[in-house]
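# Structure at a glance
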Amino acid sequence: MLLAAVNQDDTDTDTDNSRAVQRYMDDSPHPWTGISPLASQLFAQSIRLCRSFRKNLKLPKETGRDFQRALEEIQEAQRLEEKLLALEFQTTCTDTGDYRTPSVHLAQVAEAYKLAALLQLYQTFPDLVALRLPSSSVHTNSRHIPWEEWIIPLSLRLVNVLELIPPNSGTRVIQPLLYITASTGLRYDTTTMLDISTFPTDSDFFTADPFAPPPTNLISRMSLDISNARHFITGRLNMLESSLPPKPVIMAKELIKAIWDAYDCEPPGVAAVHWVDVMEDKNLRSMFG
């Protein structure tokens, strides 16, 4: 599972994936998988599928087989989404034997895997979002889904779950991977970028009416939430760098910074950068666990 985002072998079949899911359909708690090994398996399959789709997207489509493969990957994404949405977790009072890792942490890890997997599927396959939108939405028949309406709220929800799990929990070995996943949805929303671009310059202050009220909504509430979430992720990784093998954590920090830099360099209203492409282009791969 931990190699899903960096594995170069894309030859597994749907049958192999199904067997893997069936094999882990149990409720055995583990600090790496939480109370639902199935959730971690679906997360791994989602990451693997997204990476494969982005890789194939760059290749020329020369035959009908190429288009058929793309269609099959979209259909697989829809199947994974349905399985993830059907997952439900119940916090048990089972004694884990580790006072630093109560059962509630395991339930939160499982929920984080579910949200992280959905976050990746919705970023990579916008058609899934379009199918969930009400028929009255202007984006129902569009491949462009405003991040501030779907991706960013989901990412912030994932961050909220991760905030509940302390960095000294026994689940900390898997936390960097979840932090990376959450970071991929923290793109500043269009409203804020437009507001910042219209912020008055020094010359404006000298020519403007000194008694005029200051401009409103210079920074949106969502952008403040994004900034706080970015700060939280960076701070947590700094803490984990001293309690986990440092090299993978340092690599995670470099990858997250590269992703955010790429996002912030895009023009307002443009969301063309995909984090998998950033990882591949800059060769920022690592392994946790």
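Residues numbered from 1 in each chain as written. Predicted model: local features only at pLDDT ≥ 70, side-chain atom pairs only at ≥ 80, totals over all residues. Heavy atoms only, no water.

Turning our attention to the nonpolar core. Among the nonpolar cores identified, the biggest contains 65 residues, and Leu121, Phe125, Leu158, Leu162, Ile233 and Trp275 are the most heavily contacted of them. If you tally residues by element for this core, the top one is helix α4 (residues 103-124), at ten residues. (Core = buried A, V, L, I, M, F, W, Y, C linked by side-chain atoms within 4.5 Å. Buried < 20%, exposed > 50% of the residue type's maximum accessible area, 1.4 Å probe, protein only. Helix = DSSP H or I, 4+ residues; strand = E, 2+ residues; numbered from the N terminus.)

Direction vectors running N to C along helix α6 (residues 151-163) and helix α10 (residues 221-240) enclose 40 degrees, while the axes themselves pass 10 Å from each other. One way to sum up the angle between α6 and α10 is to call them oblique. Along this stretch, α6 crosses α10, giving a crossing that reads as left-handed. Contacts between α6 and α10 pair Ile152, Pro153, Leu156, Val159, Leu162 and Glu163 from the former with Met222, Asp225, Ile226, Ala229, Phe232, Ile233 and Arg236 from the latter. Tallied by class, residues from the contact of α6 with α10 come to ten nonpolar, no polar and three charged. (Axes fitted to C-alpha atoms, helices over the stretch in contact; angles between N-to-C directions. Parallel < 35°, antiparallel > 145°, perpendicular 65-115°, else oblique. Left-handed = near helix turned anticlockwise from the far one by under 90°. Contact = heavy atoms within 4.5 Å. Nonpolar A, V, L, I, M, F, W, Y, C, P; charged D, E, K, R; others polar.)

Let's shift gears to α6. For α6, spanning 13 residues, the distance from its first C-alpha to its last is 19 Å, which sits close to the expected 18 Å at 1.5 Å a residue. For α6, the full list of buried residues reads Ile151, Ile152, Leu154, Ser155, Leu156, Leu158, Val159, Val161 and Leu162. For α6, the secondary structure elements touched by its buried residues are α4, α7 (175-183) and α10. (Expected span 1.5 Å × (residues − 1).)

Turning our eyes to something else, we now look at the side chain of glutamine 120. Mapping glutamine 120 onto the fold places it in helix α4. Judged by its relative accessible area of 0%, glutamine 120 falls in the buried class. Other than its neighbours up to four places away in sequence, glutamine 120 contacts Ile47, Cys50, Thr181, Thr184 and Trp275.

Each aromatic ring pair is specified by the distance between its two centres and by the angle formed by the two planes. Across all of its chains, the model carries five aromatic pairs by this definition. Centroid distance phenylalanine 43 to tyrosine 113: 5.3 Å. Interplanar angle 50 degrees. Geometry classified as tilted. Here phenylalanine 43 is found in helix α2 (residues 37-57), whereas its partner tyrosine 113 is found in helix α4, with 70 residues between them in sequence. Judged by its relative accessible area of 2%, phenylalanine 43 falls in the buried class. Relative accessible area serves as the criterion here: at 0%, tyrosine 113 is assigned to the buried category. Just above the ring of tryptophan 147 sits the side chain of arginine 187; from NZ or CZ to the centre is 4.1 Å. Above the face of the tyrosine 263 ring, arginine 187 is positioned so that its terminal group lies 3.8 Å from the ring centre. (Phe/Tyr/Trp six-rings, centres within 6.5 Å; stacked < 30°, edge-to-face > 60°. Lys NZ or Arg CZ within 6 Å of the ring centre and 35° of its normal.)

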